[in-house]
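Chains, contacts and geometry: an overview
This is what each chain is made of:
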Amino acid sequence: MSKDSEGKGADQSSAPGNVPGSNAMWGGRFSRGPAEIMERINASIGFDQKLHAQDIAGSRAHAAMLVASGIITPADGAQIDAGLEAISAEIAAGSFAFRVDREDIHLNVEARLAELIGPAAGRLHTARSRNDQVATDFRLWVRDAMDRLEAKLQVLQAALIDQAERHAATVMPGFTHLQAAQPVTFGHHMLAYVEMTGRDRSRLADARRRLNECPLGAAALAGTSFPIDRAMTAAALGFDRPTANSLDSVSDRDFALDYLATAAILAQHLSRLAEEIVIWSSAQFRFVRLSDAFTTGSSIMPQKRNPDAAELTRAKTGRVTGALVALLMVMKGLPLAYSKDMQEDKEQVFDAAESIELAVDAMAGMIADLSVDEGRMAAAAGAGFATATDLADWLVRRLNLPFREAHHVTGRVVKLAEDRGIGLEALSLADLRGIHPGIEADALEVLGVAHSVASRLSHGGTAPARVREAAGLARKRFLLS
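A few points on the structure. (Residues numbered from 1 in each chain as written. Predicted model: local features only at pLDDT ≥ 70, side-chain atom pairs only at ≥ 80, totals over all residues. Heavy atoms only, no water.)

Our next topic: the overall build of the protein. Broken down by element type, the protein carries 18 helices and six strands. Its C-alpha atoms give the protein a radius of gyration of 31 Å, more than 25% over the compact-globule value 23 Å for 481 residues. Counting only C-alpha atoms, the protein reaches 100 × 55 × 40 Å along its principal axes. Looking at the protein as a whole, 48% of its 481 residues qualify as buried. Counting only contacts in the protein whose residues sit at least 6 apart along the sequence, the fraction spanning at least 24 positions is 76%. Per element, the accessible surface of the protein, about 21700 Å² overall, is 54% carbon and sulfur. Counting 52 positive and 60 negative side-chain charges, the protein places the centres of these two groups 3 Å from one another. (Helix = DSSP H or I, 4+ residues; strand = E, 2+ residues; numbered from the N terminus. Rg over C-alpha atoms; globule rule 2.2 N^0.38 Å. Buried < 20%, exposed > 50% of the residue type's maximum accessible area, 1.4 Å probe, protein only. Contact = heavy atoms within 4.5 Å. Areas by Shrake-Rupley, 256 points an atom, 1.4 Å probe, with all protein chains shown as cover. Lys, Arg positive; Asp, Glu negative; His and termini not counted. Charge placed at Lys NZ, Arg CZ, Asp CG, Glu CD.)

A word on the pattern of salt bridges. Throughout the structure, instances matching the rule amount to 31 salt bridges. Residue glutamate 115 is joined to arginine 112 by a salt bridge in which the shortest nitrogen-to-oxygen separation is 3.1 Å. Taken together, the residues glutamate 115 and arginine 112, both in helix H5 (residues 105–117) and three residues apart, mark about one turn of the helix. With a relative accessible area of 45%, glutamate 115 lands in the partly exposed category. The exposure class of arginine 112 is partly exposed, given its relative accessible area of 23%. (Salt bridge = Lys/Arg side-chain N within 4 Å of Asp/Glu carboxyl O.)

Between the first and last C-alpha of helix H6 (residues 130–166) there are 54 Å, a value that for 37 residues agrees with the 54 Å anticipated at 1.5 Å per step. One side-chain oxygen at the N-terminal end of H6 lies 2.9 Å from the backbone nitrogen of asparagine 131; it belongs to serine 129. (Expected span 1.5 Å × (residues − 1). Polar contact = N/O pair within 3.5 Å; in protein donor to acceptor, adjacent residues only side chain to side chain.)

Turning to unusual backbone geometry, a few remarks are in order. Residue alanine 337 is bonded to the preceding leucine 336 through a cis peptide linkage, with omega at 10°. Note on placement: alanine 337 falls in the loop between helix H11 (308–331) and helix H12 (346–369). Positive phi outside glycine occurs at alanine 127, with the angle close to 65°. Checked against the element boundaries, alanine 127 lands in the loop between H5 and H6.

Glancing now at the packing of H6 against helix H7 (residues 186–211). Running from N to C, H6 and H7 point in directions that differ by 165°, and their axes come no closer than 9 Å. Taken as axis vectors, H6 and H7 run roughly antiparallel relative to one another. Judged by the sense of rotation from one axis to the other, the crossing of H6 with H7 is left-handed. Grouping the amino acids of the contact of H6 with H7 by side-chain chemistry returns 16 nonpolar, six polar and eight charged. (Axes fitted to C-alpha atoms, helices over the stretch in contact; angles between N-to-C directions. Parallel < 35°, antiparallel > 145°, perpendicular 65-115°, else oblique. Left-handed = near helix turned anticlockwise from the far one by under 90°. Nonpolar A, V, L, I, M, F, W, Y, C, P; charged D, E, K, R; others polar.)

What follows deals with the packing of aromatic side chains. Under the defined criterion, the tally for this structure stands at seven aromatic pairs. Judged by centre distance (6.2 Å) and plane angle (55°), the ring pair of phenylalanine 175 and phenylalanine 285 falls under tilted. Of this pair, phenylalanine 175 sits in strand S1 (residues 171–176) while phenylalanine 285 sits in the loop between helix H10 (254–280) and strand S5 (288–289), and the two are 110 residues apart along the sequence. The class for phenylalanine 175 is partly exposed, based on a relative accessible area of 29%. Residue classification places phenylalanine 285 among the partly exposed positions, given a relative accessible area of 22%. Grouping aromatic residues by their ring pairs yields a cluster made of Phe138, Trp141, Phe255 and Phe350. A cation sits over an aromatic face here: lysine 50 above phenylalanine 350, 5.8 Å from the ring centre. (Phe/Tyr/Trp six-rings, centres within 6.5 Å; stacked < 30°, edge-to-face > 60°. Lys NZ or Arg CZ within 6 Å of the ring centre and 35° of its normal.)

The next subject is the environment of alanine 120. Tracing the chain through its elements places alanine 120 in the loop between H5 and H6. Given a relative accessible area of 7%, alanine 120 falls into the buried group. Taking the C-alpha atoms as reference points, alanine 120 and aspartate 76, 44 residues apart in sequence, are found 5.6 Å from one another. For alanine 120, the contacting residues outside a window of four places in its chain are Asp76, Gln79 and Ile80.

Turning next to the pairing of strand S2 (residues 179–185). Where S1 meets S2, five bridges bridge the pair, whose relative direction is antiparallel. Of the residues in S2, the one forming a bridge with threonine 176 is glutamine 179. Here S1 folds back onto S2, and the loop between the two strands holds two residues, one of which, histidine 177, carries a positive phi near 60°. (Pairing = 2+ DSSP bridges.)

Here you go:
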């Protein structure tokens, strides 16, 4: 997007485009305009107009600082501020004409400002470059995207915690390798995603903290000879401080990579949950049901209820991860400071932000919407000999067997039930004693699914009492702080 102005804007006193017969943007240095293909590859206004609010906010802060520092007059500052406010209103009303020949959002705003207020507009670009201008605009935009995503993640976590509290005692099979492993509760399963999204929010907060330094005043790459007050503009724009090095200020895009990396990890989490919703809502599982609000039908098969929102959420992962890889490749070999390659930083971030925000919204809606078939889940929880580990644990506790020996004994019990085509709970005491004579009647109790789940009382375990406790703590940690 922005280009290195190589000092051309640092002492500008007239608006661009006032030199007849020259390149409209570069004044006296160029005697011819760009080739048509050059204009097409060079222009970024088609996408960077998304930065209009941030660009105007940065310009207003910069103008106020120039006045306070005695670099421009209060009269010029007032004209500039009023003109920028008018441009903001035009954009909001949809009447602002974004022009490709003005290349980017910065020159579009500046040229329109010159039309509105005349020569005073040319003083706005004093002591800055489009390099520090775009770095500031982009940081402001990414910071806004981070704040939006943070708010959306809280909504998703609230939906997950609501379901966890509602289904703290709803038994379902827990899986490893997508094979029945041990019984858990649906509430416990929901809380796993609360923890994942909690880490996503933590990464987002860390990235925002690192981002929150202001590049404005770094100018093209070396700073400026004007007596500017960078702390003033940083504070006006909500930054914690100015950036420390002018070269790094204009060449850094770590903040965008931080955002994309966080979004990519979040997208992976959403994709895992989306995949589970697809599986759980299938006819073969029937653990959950999504309403008409989050499913579609088939044009040929009237019985179908397709979990399209979950499938599309799953697919968004590719777009978000692709954006991260694309920007990493753009930045991987650039010498300091600014290079035009960095114009390619915006579209990936804009697309990723739209994709991840939509995916979070869709997932929050699906989680709040889904209904659970508790009977189906409970029946499935007892399949696949899911309480075998409970029997092994009983053998360790009551008979003092080494766990590996208990594991072997339990394996023989499982094989017996498998050969007979019955569940573990259907075996008799005599059957169990035929494998190990020390087994007593109370061993039969541990083969029940409800007992198995209730016994998992360790911190972070799936016992309903622990799930209710954990859900309450999660609400305090993530939603009430």
